[in-house]
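Commentary on secondary and tertiary structure
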Amino acid sequence: MAFEPVYSLLSPSYPKRLAAGQAVIEARLLPAGFTVGKVLSASADVSVTAGEVFTGEARYGGKANFRVLVLDGDGICRSLDYVAEFSDKLTGDGITANTQPQLSACVLDTDIVLATENEIKLACVAEVYLTGIGGESVNCLTGGGDGIYTHDDRLDFARLSGRGTESHSFSETVAVSEMDELLFIEPRCVVMKRSSDSDCVRVEGLIITDVVGRSGDAAISVRQETPFSAELSAIGAHSGDICSVRASVQSAHAELTHGESCVVACDFTLEFTYCTFTEDVINPVCDAFSVTNELLIAGASVSVPMPLEDETFFERVEGKVTLDDNMPPADRILSACGCRLSITDAAAGDGKLTVEGMAASNIVYCTEDGQKSSATVELPFSLTVPAPLKKGDTVSAHGVVTNVSVKVRRDGDLEIKADIAVEYSACREEVKYVINELTVGEERALPTGAVAIHIARKGETLWDAAKALGTTPETVLLQNPGISLPLSGGERVITYRCLSK
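In this report, the structure presented in the accompanying data block is examined. (Residues numbered from 1 in each chain as written. Predicted model: local features only at pLDDT ≥ 70, side-chain atom pairs only at ≥ 80, totals over all residues. Heavy atoms only, no water.)

1. Describing the side chain of Thr-312
For Thr-312, the location among the structural elements is in strand β18 (residues 311-321). Overall, Thr-312 belongs to the buried group, its relative accessible area being 19%. Reaching out from Thr-312, the side chain makes a polar contact with the backbone oxygen of Val-191 at a distance of 2.6 Å. Reaching out from Thr-312, the side chain makes a polar contact with the side chain of Arg-194 at a distance of 3.0 Å. Here Thr-312 is in contact with Val-190, Val-191, Met-192, Arg-194, Val-422 and Glu-423, once residues within four sequence places are set aside. (Helix = DSSP H or I, 4+ residues; strand = E, 2+ residues; numbered from the N terminus. Buried < 20%, exposed > 50% of the residue type's maximum accessible area, 1.4 Å probe, protein only. Polar contact = N/O pair within 3.5 Å; in protein donor to acceptor, adjacent residues only side chain to side chain. Contact = heavy atoms within 4.5 Å.)

See below:
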């Protein structure tokens, strides 16, 4: 007998969150030419870049862009901004020196630590995530050779085919009316479509920008949506590959011009981090037997997560906010700024996705007697939406607030509607038993009886019956011509042997 087992290398790839941590960034703002009377709004956005990577540790650097809206000593709305650079590290067992990290960050909160006439101190808390490509290679038996009867299984997996990071620039002109001074802009972006083609990734989405300015002595805001599209280089990618894309605003610049019309010219730089995965399949042997020899088998259960296509959904969350007793009642809404979305949990169900989190915004308003004030509103939410998922899938999600509308109720409460966009990615884990080592042992003792009978169990296959009887599948079919497969249970499967005299 020629015993020539065939082994194949199972090398799956999938995105995996390797580490996460929080960074606290502080800033000190000093007004020039005016004094601070009251802080109306404080917000920040954070971007991070990868640094050195060691076993168990990844260092990174970043910057936080702080924006503050204030009333000066004369009751006029003004703005302050500050860029704070910072560095930190993430630790995790899955980080190695060969890890090619993909970093992302989201702002959880921005607090005013100190506010005086001549100084404002802020602290921003950001969650930083490190994502890498996971997967361990496993040697699998895929063929046994002559005289070895094997039973295999199907295992779907994915291989990393392309990846990259690119920056692209986009422009937009926003028409504004009655704006005397541009105070700041707050851009964020969302990916709506992503697809792979030969050596490239195509992406489409929206840049959502809140343009905040001063009209007279009050703050006003205008919201603008800017569609974008880009083609990204991904050498090795194929048409139809699974595609994962993360976009973030790397930098933004705006300038107000007055003429026949009042417009704000905006320039944005978006950074795209992306990877593609090619679907593949392997048929590993999960059981084997020989009619003539004992087999020594070593195997293991292998867990293989399969990445699913990234998806985006849009929803609305609503709520009512009651102003504190020490706050003046609202009469008219002036602007909404400092919008942020934090997602605390994302869980997959059969055909659905449940996302929990908080949508927040700073609402600047005017009282009946013309006094200007502000309130930070927070809308906790739990949303369940249709999704091509199964219970047990691992899901990660992030998103942005695309729009906030506010209405003052008769009782003085604020009625808030926040439109949000959520991007999510998922992996579906499959666990299979595979044989990774097979050797031939001693010769089997031949049966002494002329007849062997096997009582079938429901669902058994031809292979199961042959193994139980210690004969070949061909012999089972030849000597039991009337059986129907798979077996329904209770059938008497018989084999006959010619005994030597």
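2. A closer look at a nonpolar patch on the surface
A cluster of nonpolar residues, Val-451, Ile-453, Ile-455 and Tyr-496, forms a patch on the protein surface that exposes about 390 Å² of accessible area. Among the elements that make up the nonpolar patch, the one with the highest residue count is strand β24 (residues 451-455) (three residues). The topology assignment puts Ile-453 in strand β24. A relative accessible area of 44% places Ile-453 in the partly exposed class. (Patch = residues over 30% accessible without salt bridge, like charges linked within 9 Å, V, L, I, M, F, W, Y side chains within 5 Å. Areas by Shrake-Rupley, 256 points an atom, 1.4 Å probe, with all protein chains shown as cover. Salt bridge = Lys/Arg side-chain N within 4 Å of Asp/Glu carboxyl O.)

3. A few points about the sheet that holds strand β14 (residues 242-257)
Taken in spatial order, the three strands make up an open sheet running β10-β15-β14, and their pairing is antiparallel. The outermost strands of the open sheet, each flanked by one partner alone, are β10 (155-175) and β14. This sheet shows a mean twist of 5° between the axes of neighbouring strands, independent of strand direction. Examined bridge by bridge, β14 and strand β15 (residues 263-282) share 15 bridges and lie antiparallel to one another. Bridged to Ala-247 within β15 is Phe-272. (Pairing = 2+ DSSP bridges. Axes fitted to C-alpha atoms, helices over the stretch in contact; angles between N-to-C directions.)

4. Here we look at the sheet that holds strand β7 (residues 120-134)
The three strands lie next to each other as β2-β7-β6, forming an open sheet whose pairing is antiparallel. Edge positions in the sheet fall to β2 (14-29) and β6 (102-115), since each has one partner strand and no second. Averaged over neighbouring strand pairs, the angle between their axes works out to 15° when direction is ignored. As judged from the 15 bridges shared by β2 and β7, these two strands associate in the antiparallel manner. Within β7, the residue paired with Ala-19 across the bridge is Leu-130.

5. Here we look at empty space enclosed by the protein
With the rule as written, the count across this model stands at one cavity of 30 Å³ or more. Within this model, the largest cavity holds a volume of roughly 30 Å³. What lines the largest cavity is Ala-359, Ala-360, Ser-361, Val-377, Leu-379, Val-404, Ile-416 and Ala-418. Of all the elements in the fold, those that place two or more residues in the lining of the largest cavity are β20 (352-366), β21 (372-386) and β23 (414-443). Taken together, the residues of the lining of the largest cavity sort by class into seven nonpolar, one polar and no charged. (1 Å grid on protein atoms, 1.4 Å probe; cavity = no way out; pocket = protein on both sides within 12 Å on 5 of 7 lines; lining within 4 Å. Points joined across faces, edges and corners; volume = space filled by probe spheres on them. Nonpolar A, V, L, I, M, F, W, Y, C, P; charged D, E, K, R; others polar.)

6. Focus on unusual backbone geometry
Looking along the chain, the bond that leaves Leu-485 and enters Pro-486 is cis, with omega of -5°. Mapping Pro-486 onto the fold places it in the loop between α2 (473-479) and β25 (492-496).

7. A closer look at the nonpolar core
If you look at the biggest cluster of nonpolar residues, it comprises 35 residues, and the most contacted ones within it are Val-317, Leu-353, Leu-389, Val-395, Val-404, Ile-420 and Tyr-424. Those elements that provide at least two residues to this core are β18, β19 (332-349), β20, β21, β22 (394-408) and β23. Looking at this core, the element that brings in the most residues is β23, giving seven residues. If we ignore the near neighbours within four places in the chain, the residues touching Leu-389 are Leu-308, Ala-348, Gly-349, Asp-350, Gly-351, Lys-352, Leu-353, Val-395, Tyr-424, Ala-426 and Arg-428. Core analysis: the second largest hydrophobic core is formed by 34 residues, Ala-27, Leu-29, Val-48 and Ile-95 among them. (Core = buried A, V, L, I, M, F, W, Y, C linked by side-chain atoms within 4.5 Å.)

8. Focus: the state of the cysteines
Counting across every chain of the model gives zero disulfides. Summary of cysteine pairing: Cys-243 is not part of a disulfide, and the nearest cysteine sulfur, belonging to Cys-275, is at 7.8 Å. Here Cys-337 stays unpaired: no disulfide links it, and the sulfur of Cys-339, its closest cysteine neighbor, is 7.4 Å away. Using a relative accessible area of 0% as the deciding quantity, one classes Cys-337 as buried. (Disulfide = S-S within 2.5 Å.)

9. Examining the side chain of Ser-13
Tracing the backbone through its elements, the reader meets Ser-13 in the loop between β1 (6-10) and β2. Owing to a relative accessible area of 12%, Ser-13 belongs among the buried residues under this scheme. A polar side-chain atom of Ser-13 sits 3.3 Å from the main-chain amide nitrogen of Leu-160. Among all residues touching Ser-13, those that are not within four sequence positions of it are Ile-133, Gly-134, Ala-158, Arg-159, Leu-160, Phe-277 and Pro-307.

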